[in-house]
Amino acid sequence: MTKIGELLGRGATYSVEFMPPRSDEMLRQLEKTIRELQPLTPSFCSVTYGAGGSTRERTAEAVSYIHHDTPLLAMPHLTCVGQTRDEIEGLVCHYAGDGIENLLALAGDPPKDGPVTGDFRYAVELIELARTVGDFSIGVSAFPEVHPMSPDRDTDRARLADKLAQADFGITQFFWNADHYFRMIDELDAIGCTTPVIPSLFPILNVATAQRFTATNGAEWPSWLQDRFDVVGDDQEDVRRAGVEIACEIGSALLGQGVPGLHIYSMNRSASVQEIWASLGLGSRP
């Protein structure tokens, strides 16, 4: 097996994010997408975890499938919200016993309805627990435009630096302007944080979904982006192609300044990822 922290020490990583299937039909779609993306030989792939732990079992099943039945390196997400200590410890022990060596520790999105519950509040608490269970390479999230719950920018960067100091790497939420990422890195450098942070790309498939995710992240939906989709209209394939073009523009700006990698949201579909991979030449990069 391979640890992502070690991969980053050897060079840039190019990776893909999957969602756990919620039905048998979605499982078949995920398996199809994984088969279609295997030839790209991504450095690793992550599997998300639903709000409030709503997909805990499905995430574990998807991770097990990827780990045992494909050549891909799987990294499950772990989240705090709605999880008891026993649940998280049991899941981490399961992963350790199954040979999983990489985890992404997240505070997590609150449930849509009802109060926020659980024995954990911060990702660093998950890191501390995971370190007691196994020898994992652990990543955390980063919000280039500042976490929506942060009181101010300086506090956000200080907390992020503290979190990254306990992790092996970070992966950002997506953003629509590469300058947000580079500003974050400059701010982290200024306070002595040098843990690698991989930027994410989100190839839009559905404008309303992208707007909702952007609002949840507290990120900017710029007017130029809306203008691009106003011109495209409602045709699903035209929207997808525009999403690929925009992701490639952002990805090219990031790669041009030597980022430690790219992490691409797949939404369990392969076409956009394949086109971005080819356009940015990720398969030919060292």
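Nothing here was measured: the structure is a model prediction, and the numbers come from that model. (Residues numbered from 1 in each chain as written. Predicted model: local features only at pLDDT ≥ 70, side-chain atom pairs only at ≥ 80, totals over all residues. Heavy atoms only, no water.)

Enquirer: What exactly am I supposed to notice about the packing of aromatic side chains here?
Expert: Two descriptors summarise a pair of aromatic rings, namely the distance from one centre to the other and the angle between the planes of the rings. Throughout the structure, instances matching the rule amount to nine aromatic pairs. On the basis of an interplanar angle of 75 degrees and a centroid distance of 5.4 Å, the ring pair of Tyr181 and Phe182 is categorised as edge-to-face. Take Tyr181 and Phe182: they sit in the same class, and that class is buried. In this structure an aromatic cluster arises from ring pairing among Phe174, Trp176, Phe202, Phe213, Trp221 and Tyr265. (Phe/Tyr/Trp six-rings, centres within 6.5 Å; stacked < 30°, edge-to-face > 60°. Buried < 20%, exposed > 50% of the residue type's maximum accessible area, 1.4 Å probe, protein only.)

Enquirer: Would you mind going over unusual backbone geometry with me for this structure?
Expert: Peptide bonds are trans in most cases, and residues, glycine excluded, mostly fall at negative phi. In the Ramachandran plot, Thr41 falls in the positive-phi region, its phi being about 50 degrees despite a non-glycine side chain. Positive phi, close to 85 degrees, is recorded for Val146, a residue that is not glycine. Structurally, Val146 is set in the loop between strand 5 (137–142) and helix 6 (153–165). Under the relative-accessibility criterion, Val146 is labelled buried at 12%. (Helix = DSSP H or I, 4+ residues; strand = E, 2+ residues; numbered from the N terminus.)

Enquirer: Explanation requested: the packing of helix 7 (residues 178–190) against helix 10 (residues 236–255) in the structure shown.
Expert: Describing two packed helices takes the angle between their axes plus the distance from one axis to the other. At a minimum axis separation of 9 Å, helix 7 and helix 10 run at an interaxial angle of 30 degrees. The pairing of helix 7 with helix 10 is recorded here as roughly parallel in orientation. Crossing geometry of helix 7 relative to helix 10 is assigned as right-handed. For the pair helix 7 and helix 10, contact is made by Ala178, Tyr181 and Phe182 and by Ile250, Ala253 and Leu254, respectively. (Axes fitted to C-alpha atoms, helices over the stretch in contact; angles between N-to-C directions. Parallel < 35°, antiparallel > 145°, perpendicular 65-115°, else oblique. Left-handed = near helix turned anticlockwise from the far one by under 90°. Contact = heavy atoms within 4.5 Å.)

Enquirer: For this particular structure, what's the right way to read the pairing of strand 4 (residues 102–106)?
Expert: Across the five residues that make up strand 4, a large majority, five, are buried. Taking every second residue as pointing to the same face, both faces of strand 4 are buried, with Asn102, Leu104 and Leu106 on one and Leu103 and Ala105 on the other. Here three bridges tie strand 3 (residues 74–79) to strand 4, and the two strands are oriented parallel to one another. Along strand 4, the bridge assignment pairs Thr79 with Leu106. Since strand 3 and strand 4 lie parallel, the crossover through helix 4 (residues 85–97) that links them has a hand, and here it is right-handed. (Pairing = 2+ DSSP bridges. Right-handed = clockwise from strand over helix to strand, strands pointing away.)

Enquirer: Can you help me understand helix 8 (residues 207–216) in this one?
Expert: For an α-helix, the turn length of 3.6 residues means that residues three or four places apart are oriented alike. Among all positions of helix 8, only Val207, Thr209, Ala210 and Thr214 are buried. Buried residues of helix 8, seen end-on, are gathered within an arc of 160 degrees and therefore sit on one face of the element. Packing partners of the buried residues in helix 8 comprise helix 9 (223–232) and helix 10. Phi for Gly218, located one or two positions after helix 8, is positive at around 70 degrees. (Arc of directions from axis to C-beta.)

Enquirer: Sorry if this is basic, but what is going on with the environment of Thr209 here?
Expert: By the secondary structure assignment, Thr209 is in helix 8. Sequence separation between Thr209 and Asp238 is 29 residues; the distance between their C-alpha atoms is 16 Å.

Enquirer: Whenever I open this one, the state of the cysteines confuses me. Can you help?
Expert: Put plainly, two cysteines are in a disulfide when a covalent bond ties their sulfur atoms together. Evaluated as defined, the whole model comprises zero disulfides. For Cys193, which is in no disulfide, the shortest distance to another cysteine sulfur is to Cys80 and amounts to 19 Å. Judged by its relative accessible area of 8%, Cys193 is buried. (Disulfide = S-S within 2.5 Å.)

Enquirer: How should I be thinking about the packing of helix 10 against helix 11 (residues 271–280) in this particular structure?
Expert: Where helix 10 meets helix 11, the axes come as close as 10 Å, and the angle between the chain directions of the two elements is 40 degrees. In terms of their interaxial angle, helix 10 and helix 11 are classed as oblique. Crossing angle aside, the handedness with which helix 10 passes helix 11 is right-handed. Packed against helix 10, whose contacting residues are Arg240, Val244, Ala247, Cys248, Gly251, Ser252 and Leu255, the element helix 11 presents Ala271, Ser272, Glu275, Ile276, Ser279 and Leu280 at the interface. Looking at the contact of helix 10 with helix 11 residue by residue, the class counts come to seven nonpolar, four polar and two charged. (Nonpolar A, V, L, I, M, F, W, Y, C, P; charged D, E, K, R; others polar.)

Enquirer: Honestly, the sheet that holds strand 2 (residues 45–47) in this entry has me stumped. Any pointers?
Expert: Where strands meet in a sheet, backbone hydrogen bonds hold them as pairs that are either parallel or antiparallel. Overall, parallel pairing links the nine strands, which are arranged 7-6-5-4-3-2-1-9-8 in an open sheet. Of all the strands in the sheet, the pair left with one neighbour each is strand 7 (197–198) and strand 8 (200–201). Note: strand 1 (residues 13–18) against strand 9 (residues 261–265), five bridges, orientation parallel. Counterpart to Ser15 in the pairing with strand 9 is His263. With respect to the sheet, helix 4 is in contact with strand 3 and strand 4, its orientation differing from that of strand 3 by roughly 170 degrees.

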